[in-house]
Amino acid sequence: MIPVSYFFGLSIVLFVLGIIAFFIKRDLITMFMAIEVMLNAANLAFIALAKAAGSPAGQVIVFFIITVAAAEAAVGLAIILLVFRQKKSIKAEDMRLLKG
Amino acid sequence: MFWLIPLIPGASAFILAVFGKWLPKKYVSWQACLSVFASFGISLVSFFGLLKVPPGSLPVIKTLFSWIQSGSFNADLSLQLDPLSSIMTLVVTGVGFLIHVYSVGYMAHDKGYKRYFTYLNLFTFAMLILVMGANLVLMFVGWEGVGLCSYLLIGFWFEKHSAANAGKKAFIVNRIGDAAFILGIFFIFLIVGSGDFRAITGALEGGAVTQGMATLIALLLFAGATGKSAQIPLYVWLPDAMEGPTPVSALIHAATMVTAGVYMVSRMNLLFTLSGVAGQVVGIVGALTAIFAATMALTQNDIKRVLAYSTISQIGYMFIGCGVGAYAAGMFHLFTHAFFKSLLFLAAGSVMHALSGELDMRKMGGLRKYLPLTYPTFLVGAIAIAGVPFLSGFFSKDAILTHAYAQGQYFIWALGLMGAVLTAFYMFRLVFLTFFGQERLDPHAKEHLHESPRVMTVPLVVLAFFSIVAGYVGLPVVLGKKANLFSRFLDPVIHPGHEAHLNISAEWLLILISVAVALCGIYIAYVFYLKSPRTPHRIVARFPMLYKLLYNKYYVDEIYNAAIVRPLVNGSQTVYDNFDLKVIDGTIDGAAAATGFAGKVLSLFQSGLIKDYGLVLLLGVVVFLGYLLF
């Protein structure tokens, strides 16, 4: 039996990697992937705790999260696609419409 | 039923104002005239009804509804009819009807025809409210209403700069008087606790008002009257008011509105009698105005301006009557004056009409044979106002002067007598310059020279008839105590002060003096302007300073301009420059600038870069976690 703290360690490492990737990468697709990594890091922590607690409810919720995340990924990719059509670029710096 | 008297013209004004755009012109004329005529009919019926009412149950009051109720402050919308109101309603609707008819002809080609009749009906309504209001508040509503209509009608041809300015002048000068007037009303409310005329009379008779207080209130009310009735020092607006259409000058600025002050003083006669001092002030102001305005009329060349100064002077006579306690005589002069002065104005309007709008007497002369109806009617008016015996003006003016003499007010009497000479002189100067002598017409105007249409001349004839006979309701006392029907009719309203009686020979002597004075004035005018027309020039050459002073109307307008108007305008400009622009605008602009600056600073955080937002989010989470954990 692998201790829960190992899962946590992996989850934290994945999460931090996601954050770092989000901040250092410039194109939207990579940033989006970084977000997905963070999400799945959270999922990992969640499912590890569910297993440790022996609660099937936690695992069921994770399935839901994955489903919603799939929908969200589709929406996110669609947005990125439209951004590309508008700007001919997927660089984050090119999207500064909200600059005050 | 008498409460319908003001409501009919009011309803007519409302219909014309709202639906006038879609109504045919002919219908507008009929409705406007007939509504006033209906009022006149009801006034007449009410008048005869009033004769049968025993004096004890006067005034007849009709309360339409309770209007203002606020704590102890109460005012009903109630109309009253008593001899004083009855006479006023007869004058307003009777003369008003004739002037409405005359206007149909006079204004026929004006593009503001419907607007004109709306205002004229509205004026009739407001004036009737003024004279029939049973409390001071309602009277004040009418008082302001006629002021408004006066403003609208003076500035009727507002495209003309001078007309718009004259309207403004009338309105602003009246405001000064009205401020004092409303203060007087406040004082009455303070002391009597009600504005109802019966309550005021009761309080005055019961001795609830001290003499000092009565003087204060009476003087404040009289200050309002000097504005509305164009007395010294607030008379300056009336000559300028001649910018309005001539029938308006006849109706508002001669026959009815400007006499509202006299009506008000007569209505409050108990107050003025109680005060004593205030009555004296009224008499002296009236006498000074009578002679002051008469001298100004001597040198004017504008036919309507001469009549305007004459109106000021004649209202001065009415105030002499009120001031010496002869309220009935003052009201009597108001009554006769309404006929002959509106006749003179309308006839002058007919002359203008004939000469394509010419007003300058120097460009008239010899019009007698061209205007076969205007000339005799104008002459009747002139004779009546000059005070020639057997016409109405003689009886009323003589009644006032006799009373002034009988009360021992010799100074006022002498001023009035001098004014009478001047009146006869300037009126006949007007007649001789306009209708006699050689023609000095503009050749262009002469081509169109024509007598006015019948719709204008018939009112002239009717008014001329009344200018002759109206005096016979108030015969002098020498002909018997019962001869003066007018005064006896007013008895229930006029509270007798101390009556002074002259013996018969003295009265006859006074009558002889006034007749002599009137004829003397006419004769001087005859010598000056017909017999040897060079005389005026010689006199002008002899006293150039005096002539210039009179010609420029004592420079009163200039003095007012320099002493009041200019400092006020300059002061306002200074306040505008320093306070409005700097303090008020500075505060508002400063608030706007501060908001803008704050926005600019805060917008620096809005980089638009998603990473920056992410970073802030991350920092927030870190700080929050740190707070939770440690």
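Above this text you will find the structure in question.
Let us look at the structure shown here. Everything quoted here is computed from the prediction, not taken from an experiment. Throughout this document, residue positions are counted from 1 along each chain, in the order its sequence is written. Whichever chain is written first is A, and whichever ligand is written first is 1; the rest continue in order. At least 70 in pLDDT is required for a residue's local features to be given in this predicted model, at least 80 for side-chain atom pairs to be given and counted, and no such filter applies to totals for whole chains, interfaces and linings, which use all residues.

When helices and strands are tallied, chain A shows three helices and zero strands. Per the convention used, a helix needs a DSSP run of H or I reaching at least four residues, while a strand needs a run of E reaching at least two, with both numbered from the N terminus. Overall, chain A shows an N-to-C arrangement of helices and strands of α-α-α. The C-alpha radius of gyration of chain A comes to 17 Å, more than 25% above the 13 Å expected for a compact globule of 100 residues. The principal-axis extent of the C-alpha atoms belonging to chain A is close to 50 × 25 × 25 Å. A separation of at least 24 residues holds for 50% of the contacts in chain A among residues at least 6 apart in sequence. Computation of the radius of gyration draws on C-alpha atoms alone. For the globule rule, the value is 2.2 Å times the number of residues to the power 0.38. Throughout, a pair of residues is in contact if the C-beta atoms placed from their backbones lie within 7 Å.

This brings us to the overall build of chain B. Helix and strand counts for chain B stand at 26 helices and two strands. A principal-axis box enclosing the C-alpha atoms of chain B has dimensions of 120 × 65 × 55 Å. Exposure is read from a count of other C-beta atoms within 10 Å of each residue's own; the residue is exposed at 12 or fewer, buried at 20 or more and partly exposed in between. C-beta atoms are placed from the backbone. Here chain B, with 630 residues, has 51% of them falling under the buried criterion. In chain B, the share of contacts with a sequence separation of at least 24, taken over all contacts with a separation of at least 6, comes to 80%.

Next up on the list: the interface of chain A and chain B. Frequently, the measure chosen for interface size is the accessible area that the parts lose on association. Between chain A and chain B, the residue contacts involve 10 residues of the former and 11 residues of the latter. Gly is placed with the polar residues, together with every amino acid not listed as nonpolar (Ala, Val, Leu, Ile, Met, Phe, Trp, Tyr, Cys and Pro) or charged (Asp, Glu, Lys and Arg). Of the residues assigned to the side of chain A that touches chain B, the class counts are six nonpolar, one polar and three charged.

It is a general feature of regular strands that their side chains alternate between the two faces of the sheet. Taken together, the nine bridges between strand β1 (residues 60-70) of chain B and strand β2 (residues 73-81) of chain B define a ladder with antiparallel strand orientation. Residue pairing across strands places B:Gln69 opposite B:Asn74, the latter belonging to β2(B). At least two bridges found by DSSP between two strands is the condition for calling them paired.

Residue and element names in this part refer to chain B. Mapped onto the fold, Ala329 is located in helix α15 (residues 327-354). For Ala329, a count of 30 C-beta atoms within 10 Å corresponds to the buried category. Sequence separation between Ala329 and Ala399 is 70 residues; the distance between their C-alpha atoms is 5.8 Å. Apart from residues no more than four positions distant in its own chain, Ala329 is found in contact with Gly321, Ser396, Ala399, Ile400 and His403.

Further remarks concern the packing of helix α3 (residues 83-106) of chain B against α15(B). Residue and element names in this part refer to chain B. Lines are fitted to the C-alpha atoms to define the axes, a helix being fitted only along its stretch in contact, and any angle between axes, read from their N-to-C directions, falls within 0 to 180 degrees. It is the contact of α3 with α15, at a shortest axis distance of 11 Å, that shows an interaxial angle of 5°. For the element pair α3 / α15, the angle class is roughly parallel. Contact with α3, carried on its side by Ile87, Val91, Val95, Ile99, Tyr102 and Tyr106, involves Met331, Phe335, Ala338, Phe339, Ser342, Leu346, Gly349 and His353 of α15 and no other residues of that element. An angle counts as roughly parallel when it lies under 35 degrees, as roughly antiparallel when it exceeds 145, as roughly perpendicular when it falls between 65 and 115, and as oblique in every other case.

Before going further, it helps to examine the nonpolar core. Under the definition applied here, buried Ala, Val, Leu, Ile, Met, Phe, Trp, Tyr and Cys residues are grouped into a nonpolar core through C-beta atoms within 7 Å. Counting residues in hydrophobic clusters, the biggest one holds 201 residues, and the most contacted among them are B:Leu344, B:Ala382, B:Phe428 and B:Leu430. By residue number, the principal contributor to this core is α15(B), which donates 18 residues. A:Leu28, A:Met31, A:Ala34 and A:Ala92 belong to the second largest nonpolar core, which has five residues in total.

Our focus in this paragraph is the environment of B:Leu220. Residues and elements named next belong to chain B. Structurally, Leu220 can be placed in helix α8 (residues 211-228). The sequence separation of Leu220 and Asp178 amounts to 42 residues, and the corresponding C-alpha distance is 9.2 Å. Those residues in contact with Leu220 that sit more than four places away from it in its chain are Ala180, Phe181, Leu183, Gly184 and Phe187.

Moving on, we come to unusual backbone geometry. Residues and elements named next belong to chain B. Following Ile232, the chain continues into Pro233 via a peptide bond in cis, with omega recorded as 5°. A positive phi is found at Phe390, a non-glycine position, where the angle reads about 75°. Structurally, the position occupied by Phe390 is in the loop between α16 (374-386) and α17 (392-406). Despite not being glycine, Tyr554 has its phi angle at roughly 60°, a positive value. Residue placement: Tyr554 occurs in the loop between α24 (544-551) and α25 (556-603). You can call Tyr554 partly exposed: it has 13 C-beta atoms within 10 Å.

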